[in-house]
Amino acid sequence: MHAPSIEILIEQFAQLPGIGRKSAERIAFYILGTMSEADVEKMSSLILSSKKKISFCPECQNLTDTVPCPICSSQKRDRSVICVVETPKDVAAIEKTNEYKGLYHVLHGALSPIDGITPEDIKIKELLVRLTNEVKEVIMATNPTVSGTATAVYIQKLLQPMGVKVTRIAHGIPVGGDLEYADDVTLIKALEGRREM
Ligand code: ZN
């Protein structure tokens, strides 16, 4: 249908999350038809240099370009609380509220047997090694979806024998909804209204 070099690009973009074939075509034609070669060069080298600078924070597993990340290395954070979320976008959403002062742990996904996502595929082991005596509470702030809830319950069961208090954020975030799309007030209320699991 298209020249092979165009088709290759469309197929690449269509693999990105939320980008269907039509959007992929639009982006490919914009890059190839509208953008200057200098701008394309700048964009591709930016993508590559960002990718090279970013790594997982060895503590919270969030994406960062400093090690450890600014939150884990901050003296102002309450190190007795860890808020467990699915994605780096959830950290950004909670940080935006300016209310939460504890630490985070990013799982990079949620358990979903149907999709073949098992405990080994998300950052659960990395959470367990962080549970020193200093940690008094772990807040499960995974999404109120089937997989987010299953993940919260699974981790709660793992942590129970370790004597750490595990809480779950309150409802208010629509069931099946994503944390990252919740407004600030809803997020603050969900965190404040958390209950022991
Ligand atoms: Zn960190």
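This section reports on the structure supplied with the text. (Residues numbered from 1 in each chain as written. Predicted model: local features only at pLDDT ≥ 70, side-chain atom pairs only at ≥ 80, totals over all residues. Heavy atoms only, no water.)

Description of helix α7 (residues 146-159)
Moving on, step 1. Compared with the 20 Å implied by 1.5 Å per residue over 14 residues, the 20 Å span of α7 between its first and last C-alpha is a close match.
Moving on, step 2. Regarding α7, the residues found buried are G148, T151, A152, I155, Q156 and L159. Projected down its long axis, α7 carries its buried residues within an arc of 130 degrees, all on one side. Opposite the packed face of α7, turned more than 90 degrees from it, sit the exposed residues V146 and K157.
Moving on, step 3. Summarising the contacts, the buried residues of α7 are in contact with β3 (78-85), α6 (125-128), β5 (137-140) and β6 (165-168). (Helix = DSSP H or I, 4+ residues; strand = E, 2+ residues; numbered from the N terminus. Expected span 1.5 Å × (residues − 1). Buried < 20%, exposed > 50% of the residue type's maximum accessible area, 1.4 Å probe, protein only. Arc of directions from axis to C-beta. Contact = heavy atoms within 4.5 Å.)

Observations concerning the coordination of the zinc ion
Put simply, a metal with four donors set out as a tetrahedron has ideal angles of 109.5 degrees, and one with six donors set out as an octahedron has ideal angles of 90 or 180 degrees.
Moving on, step 1. The protein atoms that coordinate the zinc ion are C57 (SG), C60 (SG), C69 (SG) and C72 (SG), at distances of 2.3 Å.
Moving on, step 2. Around the zinc ion, the four donor atoms are arranged such that angles at the metal cover 105 to 116 degrees; this shape is classified as tetrahedral.
Moving on, step 3. Coordination of the zinc ion draws on donor residues from a single chain, spaced C-x2-C-x8-C-x2-C in sequence. Taken together, the residues span a long stretch of sequence, with C60 in the loop between β1 (55-56) and β2 (63-64) and C72 in helix α4 (residues 70-73) at a distance of twelve residues. Judged on exposure class, the residue C60 and its partner C72 are both buried. (Donors = N, O, S within 2.8 Å, 3.2 Å for Na, K, Ca; no water. Tetrahedral: all angles 85-135°; square planar, octahedral: opposite > 155°, others 65-115°.)

Comments concerning unusual backbone geometry
Note on backbone geometry: most residues besides glycine have negative phi, and most peptide bonds are trans.
Moving on, step 1. Omega for the bond connecting V67 with P68 falls within 30 degrees of zero, at -10 degrees, which places this linkage in the cis form.
Moving on, step 2. Backbone geometry places Q61, a non-glycine residue, at a positive phi of 70 degrees.
Moving on, step 3. Looking at the secondary structure, you find Q61 in the loop between β1 and β2.
Moving on, step 4. In this structure, N98 takes a positive phi of about 65 degrees despite not being glycine.
Moving on, step 5. Structurally, N98 is set in the loop between α5 (88-97) and β4 (102-106).

A few points about the packing of aromatic side chains
Moving on, step 1. Applying the stated criterion across every chain, the model contains one aromatic pair.
Moving on, step 2. One cation-aromatic arrangement involves K123 over F56; the distance from NZ or CZ to the ring centre is 4.3 Å. (Phe/Tyr/Trp six-rings, centres within 6.5 Å; stacked < 30°, edge-to-face > 60°. Lys NZ or Arg CZ within 6 Å of the ring centre and 35° of its normal.)

Things to note about the pattern of salt bridges
Moving on, step 1. The tally for this structure, following the rule as stated, stands at six salt bridges.
Moving on, step 2. Close ionic contact of R79 with E59 constitutes a salt bridge, the shortest N to O distance being 3.9 Å. A residue pair is termed long-range when its members are at least 10 positions apart, and R79 in strand β3 and E59 in the loop between β1 and β2 qualify at 20 residues.
Moving on, step 3. Accessibility expressed as a relative area gives 27% for R79, which makes it partly exposed.
Moving on, step 4. E137 serves as the salt-bridge partner of R194, at 2.6 Å between the closest nitrogen and oxygen. (Salt bridge = Lys/Arg side-chain N within 4 Å of Asp/Glu carboxyl O.)

So, the packing of α5 against helix α8 (residues 184-192)
Moving on, step 1. Contact geometry for α5 and α8: axes closest at 9 Å, N-to-C directions at 95 degrees. Overall, the two elements α5 and α8 adopt an arrangement that is roughly perpendicular. On α8, the residues touching A93, I94, K96 and T97 of α5 are D184, L187, I188 and L191.
Moving on, step 2. Its residues assigned to classes, the contact of α5 with α8 comprises five nonpolar, one polar and two charged. (Axes fitted to C-alpha atoms, helices over the stretch in contact; angles between N-to-C directions. Parallel < 35°, antiparallel > 145°, perpendicular 65-115°, else oblique. Nonpolar A, V, L, I, M, F, W, Y, C, P; charged D, E, K, R; others polar.)

What to know about the pairing of β6
Moving on, step 1. Across four bridges, β5 lies against β6 in parallel orientation. Across the sheet, the residue bridging to M140 is R168, located in β6.
Moving on, step 2. The handedness of the β5 to β6 crossover, carried by α7, is right-handed.
Moving on, step 3. Across two bridges, the pairing between β6 and strand β7 (residues 195-196) is antiparallel. Bridging from a neighbouring strand, T167 pairs with E196 of β7. (Pairing = 2+ DSSP bridges. Right-handed = clockwise from strand over helix to strand, strands pointing away.)

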